[in-house]
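Chain by chain, the residues:
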There are 2 protein chains.
Amino acid sequence: MELSPRKQKILAAVVEQYIKTGEPVGSKFLQSALDISVSSATIRNEMAELAGMGLLDQPHTSAGRVPTTEGYRYYVDHLMGDRKLDDSLKRRIEAGVSIKNASPEGVISKAGEFLAELTNCATVSTIMSGKDARVKRVEFVPIGSRTGMIVLLTSNGIIKSRVCRSDTDLNSSLLEKFYNIVKSAFIGLPLDEIDAATVQTVVASAGSDALAMIPFVTTLSDLIIESERTSVMLEGQSNILHHDSDYGHTAHELLDFLRRDEPLSRILAESRDGVDVRIGSENKFKQLEKSSVIMAKYNVDGDKRGSIGIIGPTRIDYAELIPSVRYLSDLVGKIITRILNEE
Amino acid sequence: MELSPRKQKILAAVVEQYIKTGEPVGSKFLQSALDISVSSATIRNEMAELAGMGLLDQPHTSAGRVPTTEGYRYYVDHLMGDRKLDDSLKRRIEAGVSIKNASPEGVISKAGEFLAELTNCATVSTIMSGKDARVKRVEFVPIGSRTGMIVLLTSNGIIKSRVCRSDTDLNSSLLEKFYNIVKSAFIGLPLDEIDAATVQTVVASAGSDALAMIPFVTTLSDLIIESERTSVMLEGQSNILHHDSDYGHTAHELLDFLRRDEPLSRILAESRDGVDVRIGSENKFKQLEKSSVIMAKYNVDGDKRGSIGIIGPTRIDYAELIPSVRYLSDLVGKIITRILNEE
DNA sequence: TGTTAGCACTCAAATTGTCCGAGTGCTAAC
DNA sequence: GTTAGCACTCGGACAATTTGAGTGCTAACA
C-alpha cells in the first residue's frame, strides 16, 4: 500500500495525537499542528480517503478520526522511524536491570518489574529455556531432623529449591540412598522426560526405604516439572487499571485473562526474533482486542531463549516503547549469559 | 445501647437482606420477610428510630434503609450469633490448607490463596514472628565456580535462600572463612540487631579476604533483614474487581492501597487475639472506608504470632465468614506448630 | 486537476422537563 | 401502641431540546 507523502504526514499526526490524548483527532487541529499549509477541507478529503483505505475510523459521523488496527500497523511499519534511545534512558534501563541479582530468574523478574514501572504497562516474561535442558545437580540441605531443602540446578541455569518433610527421621544412610537415586535416575535426564510416573518407578527401585524416599523424590520431581513448564511472570497489573477507559472499561476482564498463564505463554512463544508488535485485533485472543503487545526474545548463550514484553492499550507510545523493550531484552540476554558463563 | 427485641429483629433483617442483595431494604419487604405480624407503617416507625440512633441510613428520602457502620457493628456484636461451621466446610478448609506443604511460608501462602477462593475476598497474611527470633543456621550450597546459594534458618522456623555471586573463584579456604564469620558474627544474633552497618563491621574483620566476603555477607544480611521485616502476602486481588460497585467504583484505588505493604502490616499488627472485625469507617485508612476487614491472629508454639485476614466490601457475610477465618487461622497455627516441632 | 471557502448536515453529549413509583413521614382513628 | 390512609419526596428512566464539534459536499477558483 502506497501513501502520498501528505497522507503519511496526516496519518502519522493522527496516530501520534491520538496516542497523546485519547481523543478523536479533527481536521482543524491537524491544520494547525501540521506544518503543511493547506486548508482543513483538504485535510478532510485526505482523511476521508485514509478512512476508505481502512487506516482511520470514525467513532461517529461528526467526530474526528481514530486510527484502526491497520492504521497503527502502517504507522509502526513505515512512519514512526527508528528512534534512538537517548543515553539517559539507556542508563536508566541499565540501572533498573541491575546485575547485582545473581540468578537468571531474579534478573528476569527484576527486569519485568522495572519495565512495568518504566512503561506504565503490564509486563509479562518467561524464563529462558533451551532445547534440551537437563538436570545438572541436586543438593539436599538438612534442616531439621525430618526436614530438608532440596536444591535443583538445571543445565540451563535455573535454580529452584523447596523445603520438604519426611515422616521418619533422617539419617546418613537415607541421605546416601537419596543421593544414589538422584545420581542414577535424575542427573542428566532431560527435564521433559520427567512426569508423575517417574516417581513411581524411581521410588520402587529404592527397596526397603521406598516409603521414606517418597517425599524427597516427589518434591524433586515437582521442582523439575515446574522448571520445565515455562512459567510466565506478570508484573504491573495495576497499570492496567489506570488505563481502564482505554480498554472500554473492561480492564478487569483483561486482568482476569492475564492471570492465566497458559494463553500468555502461548503468545510469548509466538514471538519472533527481534521485537514483535501485536496491535489490537491482530491478537488472537479477543480479551486483547483493545490491547497491544510489544515483546522481544532475548538470547542467552545463543541457544536458550525467553521472552519479555509489555501489554498496554492500543494507543501505546510505540515509537518510544519499542526501542526500550528491544534494548532491555538484549540487555537481559547479555546479563544472564554473563551470569551463566561466570559460574 | 439497648434495643427492643423487635428492633433487633428488624435491624438484623435489614443487615442480612442488604448483604444478600446490595439494595436498600424497604418496610414492605420487611413486613413479608419478618415473621412478626405488624403493618409496614409500624416497621417504618421502628426503622425511623433505628435511623435516629445512627444504625441505619437512607441513601435518599424515598429509598429503603441501609446499615451504617454502627449498624453492622451492632449486628456483628449482638445479633448474628455464633454460627457453627458445618462439617463439610471444615473439611473443605482442612483440605485447602493442606499439610503437604513443608515450610511455614508455604502453609501461609497456601492458606491465603485458599481463603481468597473460599470467600471471594482479597486476603492478606503475615508470616509469624516471635519476640526474639534469632539466626539459627546458615548453609552455603556451592553452585558454580563463583556462585552459590545461601540458606538461612531462623529460630522461628523461617527458611530463606538466595543465590549470590562472587567476583572471584570460590575455594575451600574462602568457604571456611565464610562459615567462621557466620559462626562468630551471625549465629544466635537477634534478627532485629542486623542492619546495613553490620555488614561493614563483619567484613572488616575478614582481613585479607574482606573483598571476597562482601557479596556473601551482604546477601546473608539482606536475607536476615527480609525475614525480620514482616512482609505481607496478598492474594485474591481480582476478587476486589468483582465487587467494584460495592466499593463505589473505586476498586482500583483500593487495589493500589493493598499493594503497599506498609499500611497493611500496620493493620494486621493491630489485630487483637481472636477474630477482629473492622467495619467501614472503623478502619483508619480512608481507602478502606467502604471495606471491612476480618482478621485473626494465629499462634505458633504459643509465642510466635502472625495474622491472616480478608478484606471485602462492608456488606460482607459476617455470620458466615467470621467463623471461617477463625477456624482457618487456628488451623494454620496448629499446622505450623506441628511442622516446627517435627523438625 | 488539485485546492479552497462556505454551508448544510449529522450526531454525541449536555441540559431540561416530565412522569413514575417505591418508600417514607405524618396524622387521625382505633 | 398499632394501624390505615394519604400527601410528599426524590431518584431513575425517558423523551425533547439545545449545543457544538466536525464532517461531506459543492461550487468556485488557480
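Residues numbered from 1 in each chain as written. Chains lettered and ligands numbered in written order. Predicted model: local features only at pLDDT ≥ 70, side-chain atom pairs only at ≥ 80, totals over all residues. Heavy atoms only, no water.

(A) Focus on the protein's contact with DNA strand D. Taken together, 21 residues lie near DNA strand D, and Ser27 of chain A together with Arg6, Thr42, Thr61 and Ser62 of chain B sit nearest. At the protein interface, 76% of the atoms of DNA strand D within 4 Å belong to sugar or phosphate. In this structure, a phosphate oxygen belonging to DNA strand D sits 2.9 Å away from a side-chain N or O atom of Arg6 of chain B. Here Thr42 of chain B contributes a side-chain N or O atom positioned 2.7 Å from a phosphate oxygen of DNA strand D. (Near = heavy atom within 4 Å. Polar contact = N/O pair within 3.5 Å; in protein donor to acceptor, adjacent residues only side chain to side chain.)

(B) Representation of the relation of the copies chain B and chain A in the model. Note on the identical chains: chain B maps onto chain A by a rotation of 179° and an axial translation of 0.0 Å, with an RMSD of 0.2 Å. Classification of the inter-copy transformation places it as that of a two-fold axis. Both copies contact each other with a shared surface, as 100% of the interface residues of chain B are interface residues in chain A too. (Least-squares fit on C-alpha atoms with pLDDT ≥ 70 in both. Contact = heavy atoms within 4.5 Å.)

(C) Main features of the pairing of strand S6 (residues 159–165) of chain A. Residues and elements named next belong to chain A. The element S6 is largely enclosed, with a buried count of five among its seven residues. As paired elements, strand S5 (residues 147–154) and S6 share seven bridges and run antiparallel to each other. Across the sheet, the residue bridging to Gly148 is Cys164, located in S6. Here S5 hands over to S6 after four residues, with Gly157 in that stretch at a positive phi of 85°. (Buried < 20%, exposed > 50% of the residue type's maximum accessible area, 1.4 Å probe, protein only. Helix = DSSP H or I, 4+ residues; strand = E, 2+ residues; numbered from the N terminus. Pairing = 2+ DSSP bridges.)

(D) Focus on the sheet that holds strand S9 (residues 291–300) of chain A. All names here are of chain A. Read across the open sheet, the five strands follow the order S7-S3-S10-S9-S8; overall the sheet is antiparallel. At either margin of the open sheet sits one strand with a lone partner, and together these are strand S7 (232–235) and strand S8 (275–279). The sheet shows a mean angle of 15° between the axes of neighbouring strands, taken without regard to direction. Lying over the sheet, helix H6 (residues 104–119) contacts strand S3 (122–126), S7, S9 and strand S10 (304–313), oriented at roughly 35° with respect to S7. (Axes fitted to C-alpha atoms, helices over the stretch in contact; angles between N-to-C directions.)

(E) View of the interface of chain B and chain A. Counting residues at the interface gives 33 residues for chain B and 34 residues for chain A. When chain B packs against chain A, the two sides together hide about 2900 Å² of surface, and 61% of this comes from carbon and sulfur. Linking chain B with chain A are seven residue pairs in polar contact (both at pLDDT 80 or more). Counting residues per element, the ones that place at least two in the side of chain B that touches chain A are strand S4 (135–142), strand S5 (147–154), strand S6 (159–165), helix H10 (237–242), helix H11 (251–258) and helix H13 (318–342) of chain B. Here the residues of the side of chain B that touches chain A are counted per class, giving 14 nonpolar, nine polar and ten charged. (Buried area = accessible area lost by both parts, 1.4 Å probe. Nonpolar A, V, L, I, M, F, W, Y, C, P; charged D, E, K, R; others polar.)

(F) Broad picture of the protein's contact with DNA strand C. Residues in contact with DNA strand C amount to 22 residues; listed here are only the nearest, Arg6, Thr42, Thr61 and Ser62 of chain A together with Ser27 of chain B. Expressed as a percentage, the sugar and phosphate content of the atoms of DNA strand C within 4 Å of the protein is 74%. Between DNA strand C and Ser62 of chain A, the relevant distance is 2.9 Å, taken from a base oxygen to a side-chain nitrogen or oxygen of the residue. With respect to DNA strand C, the side chain of Arg65 of chain B contributes an N or O atom lying 3.1 Å from a phosphate oxygen.

(G) Inspection of the side chain of Ser329 of chain B at higher detail. Residue and element names in this part refer to chain B. Here Ser329 lies in helix H13. On the basis of relative accessibility, which here comes to 1%, the residue Ser329 falls in the buried class. Beyond its immediate stretch of four places on either side in the chain, Ser329 contacts Ala296, Lys297, Tyr298 and Ile308.

By themselves these figures say nothing about function.
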